[in-house]
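# Remarks on the overall topology
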Amino acid sequence: MDLAHKRYEELERQILAAHPDADVGKIRAAFEYANEHHGPQLRKSGEPYIIHPIAVAEIINELDLDRDSIIAALLHDCIEDTDSTHDEIGRMFGNQVAELVEGVTKLTRMQYTSREDEQMENLRKMFMAMAKDVRVILIKLCDRLHNMRTLQYQSDAKQKEKALETMEVYAPIAHRLGMQKIKWELEDLALEYLDPVGFHDVHEELEKITTLHAGFLDNMQTHIEERLAEEGVQCKVYGRLKHIYSIYRKMYSQNKTLNEIFDLYAFRVIVEDIPACYNVLGCIHDMFKPVLGRFKDYIGTPKPNGYQSLHTTVVGRDGIPFEVQIRTWDMHQTAEYGVAAHWKYKQGMANQRLGTERDFEWVRKLLESQQDTDPDEFVRTLRVDMFADEVFVFTPNGDVKSLPAGATPIDFAYAIHSAVGNSMTGARVNGRIVTFETPLKSGDIVEIITSKSARGPSRDWMKICKSNEARNKIRQWFKKERREENIATGRAMFESELKHAGLSLGAITANSDLLDVLLKRVRCGQLDELYAAIGYGGLSAQKAAARIKEEMTRLGRLERQKAEQEAIQASISTGETVYPSSTYKNSILTPRKSNSGIIVAGLDNCMVKFSKCCTPVPGDPVVGFITKGYGVSIHRQDCPNADPARRKLEEEGRWVKVSWAENAVAEAGYRTSIEISAKDRDGLALDVAMALSAVKVKVNNLSARSQPDGYAMIYLELAVKDQKELTGVINKLSQISGVFLVKRAGG
Ligand code: MN
């Protein structure tokens, strides 16, 4: 018998040992198929290639996975390295097996050039996301484990590269899936290549200390076993040295010496049920002195990957600290196999007669016992499709980009850089030209074809892309690059929206009052800005049209009230009976002049008063407020009392647009107030009075107050023609020696 067959017979013997009734015919067929296809291929070690898939199948069998997984493990390199195909494997071994082999092949083809940490996390996520079936990941992990076990035959560069990948991608995935045993072995193997000096240091130190503690593990194990037997506890006790990488990490990252590490040694006590766990804990704490703060109850609060155990650290009589982990057999299975077991349960393997009911009974029990605590959390952490809302794709040089599910090459291009998106003319996925709508899949290698003469994004792209990032960047581009086009498009969109509402754009733009209110409400300075905003998508045409309608309703209501008021007045003087109008006429309101120098939009000769808080003068931007019974009160636009942000919602309709009439003149001038801050000195008030008389301004009041800290406040009330005159007065006052601030009161 040749080497390959010998090795295979051993595998079959192991399978039958675990499952005496296993049907191994198909497994044998898979071995023969792979053996034939790999043919004379050799590994770097000089062994026939087929030894590797057999070894991987052995590890899969140790995990107690189903028959399809073992078959897929035997075939796992066939698609990649031989002329075998997915279809052929499907025909011979079933679709399930073919899918598994295909999945492993995809993961094998993934490139993991070493990247920054965030990239590594994306790589790990992609790895999980790409494998729709968790068995694919398990086979890939076992494949990597065997490759790491035989890494000595590879070149130095290859060793470093594989070791780094193992440490950064594979070991964390094994951990996430709760597969401690594989994780530890991967970490130790990787460390040996990544830091040979550190690895051997720790190794040597450990040798020394264990020689010093000769017999410790054995003695202690016997000691614990005897005590627990006395207590009548059914259990199994295992003692072991912690794996090298965990010690290495504590020594190097936490800067500890070997003597400072409490859990160099660990014992596991595996019992029948949960009460026994706590019973054993009590015995252990009775036998040895517990180290304070080291007890952890992962039975009450399992780790996210499903791990359960009681952990405690104690010190023996010889002063050597050690850790004790106490768990049931069920928990032990989860700790060792992790997600592998859960998967068997989830896929209902029992029904497919691919394993025996007994094999996953414990998983079911575990799941059921979890129901009381937080079943969602438990299942969620074990799900393989945990990244279903994300896809992970590669750039041509191997960086990973995370995009929302359904993302297209457009999203990808903008995730690289807006300049890439804006000059995109085409896209390739896995070397093939694709359309921009093509949804990307995890593991795709995406390449964007750009051109300097690209015309830029199209508006349709905003509908095609899935990420907000891309959408915003496209919008930005339209905002910046295509102002003329935006204005034209925006105008057309706005017009059509208005038409829809039965309004005409022409009538609205001719109505300056309406327009001004609208522009203010959408925070645009000019009509073009409004069009442009609609054009690039910053403002929706529907929203702008809705604003117009609201405003027209409001103005219409005001006008109707006024018309009714006038009609009633008229009827009183003529004796006619007039009924309030019930129809709303959409007339264009024209401003009319009043003798206060203020024009109130739409209101003729209404009573106007100037507010005392900000004392506006002609030239100040102003706004009016319709008071109850005192006409319209005029504020400066920068008056805090007129601040749109502070206006009460229910009073919004009472704020009206007002403006100064051309040549607004009030006979007595406009009263306004000024505050002067100055360093106090003799004759300050006199100088102020002199300055005021020099500019021939009428002063109604002047009061000066000295402050205790040597400063003075002067308050002035004057009457001026307009803002220009007032500015002149302020300038004059500012020149007075000691004055450091002259400002209008209020506002
Ligand atoms: Mn392989």
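Parameters at a glance
- Residues numbered from 1 in each chain as written.
- Predicted model: local features only at pLDDT ≥ 70, side-chain atom pairs only at ≥ 80, totals over all residues.
- Heavy atoms only, no water.
- Donors = N, O, S within 2.8 Å, 3.2 Å for Na, K, Ca; no water.
- Buried < 20%, exposed > 50% of the residue type's maximum accessible area, 1.4 Å probe, protein only.
- Helix = DSSP H or I, 4+ residues; strand = E, 2+ residues; numbered from the N terminus.
- Expected span 1.5 Å × (residues − 1).
- Contact = heavy atoms within 4.5 Å.
- Phe/Tyr/Trp six-rings, centres within 6.5 Å; stacked < 30°, edge-to-face > 60°.
- Lys NZ or Arg CZ within 6 Å of the ring centre and 35° of its normal.
- Pairing = 2+ DSSP bridges.
- Axes fitted to C-alpha atoms, helices over the stretch in contact; angles between N-to-C directions.
- Polar contact = N/O pair within 3.5 Å; in protein donor to acceptor, adjacent residues only side chain to side chain.
- Salt bridge = Lys/Arg side-chain N within 4 Å of Asp/Glu carboxyl O.
- pLDDT = per-residue confidence, 0-100.

## Some thoughts on the coordination of the manganese ion
Looking at the manganese ion, the protein donor atoms are His52 (NE2), His76 (NE2), Asp77 (OD) and Asp143 (OD), and they sit 2.2 to 2.4 Å from it. Between the donor residues of the manganese ion, the gaps in sequence give the motif H-x23-H-D-x65-D. Residue class for His76 comes out buried when judged on its relative accessible area of 0%. Under the relative-accessibility criterion, Asp77 is labelled buried at 5%.

## A word on helix H2 (residues 25-38)
In a regular helix each residue adds 1.5 Å, so 14 residues correspond to 20 Å; H2 covers 20 Å between its end C-alpha atoms and thus fits that length. Every buried residue of H2 is listed here: Ile27, Ala30, Phe31, Tyr33, Ala34, Asn35 and His38. Where H2 is buried, its residues contact helix H1 (3-18), helix H3 (51-62), helix H4 (67-75), helix H5 (78-81) and helix H6 (86-93). Positive phi shows up at Gly39, right after H2, with a value of about 50°.

## Examining the packing of aromatic side chains
In total, this model carries 18 aromatic pairs according to the counting rule given. Geometrically, the ring pair formed by Phe216 and Tyr265 is tilted, given 4.7 Å between the ring centres and 50° between the ring planes. With Phe216 in helix H13 (residues 216-230) and Tyr265 in strand S2 (residues 265-271), the pair connects residues that are 49 residues apart, well separated along the chain. Take Phe216: its relative accessible area is 5%, and that puts it in the buried class. Accessibility expressed as a relative area gives 2% for Tyr265, which makes it buried. Taking 4.8 Å as the distance between ring centres and 50° as the angle between the ring planes, the aromatic pair formed by Phe625 and Trp655 counts as tilted. Placement of Phe625 in strand S14 (residues 622-626) and of Trp655 in strand S16 (residues 655-656) is noted, with a sequence separation of 30 residues between them. Comparing Phe625 with Trp655, the two get one shared label, buried. Sitting above the plane of the Tyr49 ring, Arg43 keeps its charged end 6.0 Å from the centroid. Sitting above the plane of the Tyr711 ring, Lys679 keeps its charged end 4.5 Å from the centroid.

## Description of the sheet that holds strand S21 (residues 739-744)
What the 4 strands build is an open sheet, ordered S19-S20-S18-S21; its pairing is antiparallel. Two strands bound the open sheet, and with one partner strand each, they are strand S19 (698-706) and S21. Averaged over all neighbouring strand pairs, the angle between strand axes comes to 15°, with direction disregarded. Summarising the sheet, S19 and strand S20 (residues 711-720) pair through 8 bridges and their orientation is antiparallel. If you follow Arg705 over to S20, its bridge partner there is Met713.

## Structural notes on the side chain of Gln325
Mapped onto the fold, Gln325 is located in strand S6 (residues 321-328). Take Gln325: its relative accessible area is 4%, and that puts it in the buried class. Reaching out from Gln325, the side chain makes a polar contact with the side chain of Glu323 at a distance of 3.0 Å. In this structure, Gln325 is in contact with Arg240, Lys242, Phe267, Arg268, Val269, Tyr307, Leu310 and His311, ignoring residues within four places of it in sequence.

## So, the pattern of salt bridges
In the structure shown here, the tally under the stated rule is 26 salt bridges. Ionic pairing is found between Lys208 and Glu205, a salt bridge with its closest N-O pair at 3.9 Å. Here Glu205 and Lys208 lie together in helix H12 (residues 196-212), a separation of 3 residues that amounts to about one turn. On the accessibility criterion, Lys208 (56% relative accessible area) is exposed. When the shortest N-O distance is used, the salt bridge between Glu495 and Arg491 registers 3.4 Å. Of this pair, Glu495 and Arg491 both sit in helix H24 (residues 483-500), separated by 4 residues, roughly a single helical turn. Taking the relative accessible area as the measure of exposure, Glu495 reaches 30% and is therefore partly exposed. On the accessibility criterion, Arg491 (37% relative accessible area) is partly exposed. Each of Glu9, Glu12 and Arg28 takes part in a single network of salt bridges with overlapping partners.

## A short note on the confidence of the model for the protein
Here the protein shows a mean pLDDT of 80. Residues at 70 or above account for 84%. Residue range residues 343-387 is modelled with pLDDT below 50. Its contacts to residues more than four positions away, or to other chains, number 66 contacts. This model gives residues 574-594 a pLDDT under 50, and the stretch forms 28 contacts once residues within four places in sequence are excluded.

## Some points on the sheet that holds S16
Here we have 4 strands laid out as an open sheet, ordered S13-S15-S14-S16, and mixed in their pairing. If you trace the sheet from one side to the other, it starts and ends with strand S13 (608-610) and S16, each paired once. Alignment of S13 against strand S15 (residues 632-636), held across 3 bridges, turns out to be parallel. Following the sheet pairing, Phe610 is matched in S15 by Ile634.

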